[in-house]
Amino acid sequence: MTKLIRKNFELLDQNDSLAPMRDEFILQEGLIYLDGNSLGVLPKDTANRVNEVIQQQWGVDLIRSWNCHYWMQKPIELGDKVGRLVGAEAGQTLVCDTTSINIFKLAAAAVKMRPDRTKLITETGNFATDLYLLQGLAKLLGDQVQVVALPRDQVLHAIDDDTALVLLTHVHFKTGAMWDMATVTQLAQEKGALMMWDLSHSAGAMPISLDSFNADLAVGCTYKYLNGGPGSPAFVYVAKRHLAQFEQPLTGWLGHAKPFAFNDDYQGAEGIEQAMCGTPSVLANAALEVALDLMLKADMEQVRLKSQHMGKLFIQLIQQRCPWFELGSPINDEQRGSQVSLIHTQGYAIIQALIERNIVGDFRAPDNLRFGFTPLYLKYVDLWDTVDALVDIMSNEHWNQPQFLNKKAVT
Ligand SMILES: *Cc1c(COP(=O)(O)O)cnc(C)c1O
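Worth saying up front: this structure is predicted, and the values here are computed from it rather than measured.

Draft legend 1. Expanded view of the domain arrangement of the chain. Examined at the domain level, the chain breaks down into domain 1 (6–30 + 299–405) and domain 2 (72–295). A C-alpha centroid distance of 30 Å is found between domain 1 and domain 2. Opposite the 27 residues of domain 1 that make contact, domain 2 presents 18 residues. In total, domain 1 and domain 2 occlude about 1700 Å² of area from one another, counting both sides; carbon and sulfur atoms represent 61% of this. Looking at the side of domain 1 facing domain 2, the largest losses of area belong to Met-300, Arg-304 and Gln-339, adding up to 29% of the total buried there.

Structure follows, in structure tokens:
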């Protein structure tokens with residue numbers, strides 16, 4: 001392997017077809033932001049759009065805005081935009097609530113669609129909320145279902161004809177390891193189980209083909225690679241073929257077939273609208289729409305290529321210059337999402353030392369340093385500069401100072 005130098009990265013930036021997208025985002029001078037997999041950066045147009053919705057739609061048009069500015073249609077409209085990014089035809093994706101709440105809705109619906117089956121299978125070490133929501137559902141349903149959480153290499157073997165649902169996160173939040181969506185979906189379905197994908201770490205980072213992979217159910221965040229803003233509403237996908245049987249338990253009025261008839265009895269809407277519970281978050285939807293429109297301008301194949309290339313180069317740099325770390329992510333580009341994790345027992349302090357230099361990655365307990373690669377606003381040369389800083393921090397033990405060693409509440 002030839003030794004990489006900074007010039008290699010400068011040249012890649014000069015020839016990067018996605019480079020102009022960086023101007024669409026607000027990034028402080030000198031900041032290297034490798035945490036877009038946790039909170040995506042602010043698009044330039046977001047503040048104006050949200051302000052317009054506040055000043056004109058809320059401030060002046062007030063209640064009329066539900067109709068004249070289509071506030072009520074936004075969950076569907078934005079859902080279809082997310083759908084275009086994850087390979088779903090219109091009418092199957094809705095933007096609402098949080099990923100956590102949506103997991104609960106879909107898992108409960110899945111149990112209803114597979115009433116004779118008792119197992120909800122997932123992976124140990126999955127993102128905690130995914131595990132907790134399945135546990136909460138199982139508790140609510142008494143002995144009817146049980147959560148079977150297994151290490152990654154045992155999950156697929158465990159799927160059997162008593163499995164109602166398999167819930168997996170497509171790209172693992174810590175390691176970036178990626179499941180083969182088409183193969184796993186098929187395997188679950190061959191056993192008669194429903195497959196739910198959590199796309200929190202893949203939507204906006206790579207092309208996804210929910211429809212052509214014959215996915216059943218999916219959820220995901222919009223504040224990570226999709227840049228919708230802190231706490232922006234999540235999405236939920238139910239394949240068209242399931243919509244007729246789909247019954248989710250949070251039967252709020254806006255999931256009703258005729259919400260404004262105010263009938264006493266619940267009757268769910270026929271389409272994906274039934275996934276709605278209560279009033280949509282209008283300001284958050286305004287911010288999200290800007291971000292989705294921006295993302296739709298990017299060619300997802302190019303996004304994936306750049307992200308894979310960045311991951312590969314970052315790993316090469318670490319191998320060439322940073323003997324202190326173990327790699328916590330798959331080395332094979334095809335099996336890795338848009339992040340690279342490094343393992344070190346002092347991971348927290350090392351990340352804090354990087355942040356002091358205006359290089360923002362994050363730490364996931366117990367020993368994971370996470371670096372997210374967001375092709376729309378990262379430069380190749382940022383990779384070089386990050387590793388250069390790491391070399392300095394490690395070789396001079398610069399991380400070993402009290403201000404870096406004390407843990408903050410949110411890591
Ligand atoms: C980020 C993330 C979530 C977050 O769920 P919220 O309800 O938005 O807090 C859920 N699942 C996975 C896999 C995630 O990465």
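Alright, that's what it looks like, and here's the rest.
Draft legend 2. Up close: the environment of Val-111. Following the sequence through the fold, Val-111 ends up in helix 5 (residues 99–113). As for Val-111 and Leu-327, which are separated by 216 residues in sequence, their C-alpha atoms are 38 Å apart. Ignoring any residue separated from it by four or fewer positions in sequence, one finds Val-111 in contact with Leu-120, Leu-137, Leu-141, Gln-144 and Val-145.

Draft legend 3. Local environment of the packing of aromatic side chains. Scanning all chains against the criterion turns up 10 aromatic pairs. Look at Phe-127 and Phe-173: their rings are 5.2 Å apart centre to centre, the planes differ by 85°, and that puts the pair in the edge-to-face class. Taken together, the residues Phe-127 in the loop between strand 3 (119–123) and helix 6 (128–140) and Phe-173 in the loop between strand 5 (163–169) and helix 8 (181–190) connect sequence positions 46 residues apart. Taking the centre distance of 5.1 Å and the plane angle of 45° together, the rings of Phe-314 and Phe-371 count as tilted. Of the two residues, Phe-314 is situated in helix 10 (residues 300–321) and Phe-371 in strand 13 (residues 368–372); the sequence distance between them amounts to 57 residues.

Draft legend 4. Just the sheet that holds strand 12 (residues 362–364), in detail. Spatial strand order, 9-10-13-12: 4 strands in an open sheet with antiparallel pairing. Pairing within the sheet leaves two strands with one partner each, and these edge strands are strand 9 (326–327) and strand 12. Sheet topology note: the strand 10 (residues 339–343)/strand 13 ladder contains 5 bridges and is antiparallel. Residue pairing for strand 13: Leu-342 is matched across the bridge by Leu-369.

Draft legend 5. Focus on helix 12 (residues 380–395). With 16 residues, helix 12 should cover 22 Å at 1.5 Å per step; its first-to-last C-alpha distance of 23 Å lies within 8% of that length. Burial analysis of helix 12 places 12 of its 16 residues in the buried class, which makes it a mostly covered element. Just downstream of helix 12, Glu-397 is the residue with a positive phi angle, here 50°.

Draft legend 6. Fine view of the site of the ligand. Every one of the 13 residues lining the ligand counts as a neighbour, but Ser-100, Asp-198, His-201, Tyr-223 and Lys-224 are closest to it. In the model, an oxygen atom of the ligand is placed 2.6 Å from a nitrogen or oxygen of the Lys-224 side chain. For the shell around the ligand, the secondary structure elements donating two or more residues are helix 5 and helix 6. When grouped by side-chain class, the residues that make up the shell around the ligand number 3 nonpolar, 7 polar and 3 charged.

Draft legend 7. Representation of the side chain of Lys-81 in the model. Examined against the element boundaries, Lys-81 turns out to sit in helix 4 (residues 74–86). If we skip the residues at most four places from it in the chain, Lys-81 touches Glu-289, Leu-292, Asp-293 and Leu-296.

Draft legend 8. Structural view of the nonpolar core. If you look at the biggest cluster of nonpolar residues, it comprises 53 residues, and the most contacted ones within it are Val-86, Trp-197, Leu-199, Leu-210 and Leu-376. Residue contributions to this core reach at least three from each of two domains, namely domain 1 (6–30 + 299–405) and domain 2 (72–295). With sequence-adjacent residues up to four places away left out, Val-86 is seen in contact with Leu-199, Ala-203, Ile-208, Ser-209, Leu-210 and Phe-235. Listed in part, the 38 residues of the second largest apolar core include Ile-32, Leu-34, Trp-384 and Phe-404.

Draft legend 9. Broad picture of unusual backbone geometry. Cis geometry marks the peptide bond from Ala-365 to Pro-366; its omega dihedral reads 0°. As for its placement among the helices and strands, Pro-366 is situated in the loop between strand 12 and strand 13. Despite not being glycine, Asp-97 shows a phi value in the positive range, around 50°. Relative to the elements of secondary structure, Asp-97 occurs in the loop between strand 2 (93–95) and helix 5. Accessibility expressed as a relative area gives 28% for Asp-97, which makes it partly exposed.

Draft legend 10. View of the sheet that holds strand 4 (residues 146–150). Ordered in space as 2-8-7-6-5-3-4, the 7 strands form an open sheet in which the pairing is mixed. Each edge of the open sheet is held by one strand with a lone partner, namely strand 2 and strand 4. Taking each pair of neighbouring strands and ignoring which way they run, the sheet shows an average axis angle of 20°. Strand direction decides the pairing type here: strand 7 (residues 217–220) and strand 8 (residues 235–238), joined by 4 bridges, are antiparallel. Considered in strand 8, the bridge of Val-219 is made with Val-236. Sheet contacts for helix 4: strand 2 and strand 8; angle to strand 2, the most-contacted strand, approximately 125°. Running at roughly 150° to strand 6 (residues 194–198), helix 8 makes contact with strand 5 and strand 6 of the sheet.

Each value, and the rule that gives it
Residues numbered from 1 in each chain as written. Predicted model: local features only at pLDDT ≥ 70, side-chain atom pairs only at ≥ 80, totals over all residues. Heavy atoms only, no water. Domains from an automatic or database assignment. Contact = heavy atoms within 4.5 Å. Buried area = accessible area lost by both parts, 1.4 Å probe. Helix = DSSP H or I, 4+ residues; strand = E, 2+ residues; numbered from the N terminus. Phe/Tyr/Trp six-rings, centres within 6.5 Å; stacked < 30°, edge-to-face > 60°. Pairing = 2+ DSSP bridges. Expected span 1.5 Å × (residues − 1). Buried < 20%, exposed > 50% of the residue type's maximum accessible area, 1.4 Å probe, protein only. Near = heavy atom within 4 Å. Polar contact = N/O pair within 3.5 Å; in protein donor to acceptor, adjacent residues only side chain to side chain. Nonpolar A, V, L, I, M, F, W, Y, C, P; charged D, E, K, R; others polar. Core = buried A, V, L, I, M, F, W, Y, C linked by side-chain atoms within 4.5 Å. Axes fitted to C-alpha atoms, helices over the stretch in contact; angles between N-to-C directions.

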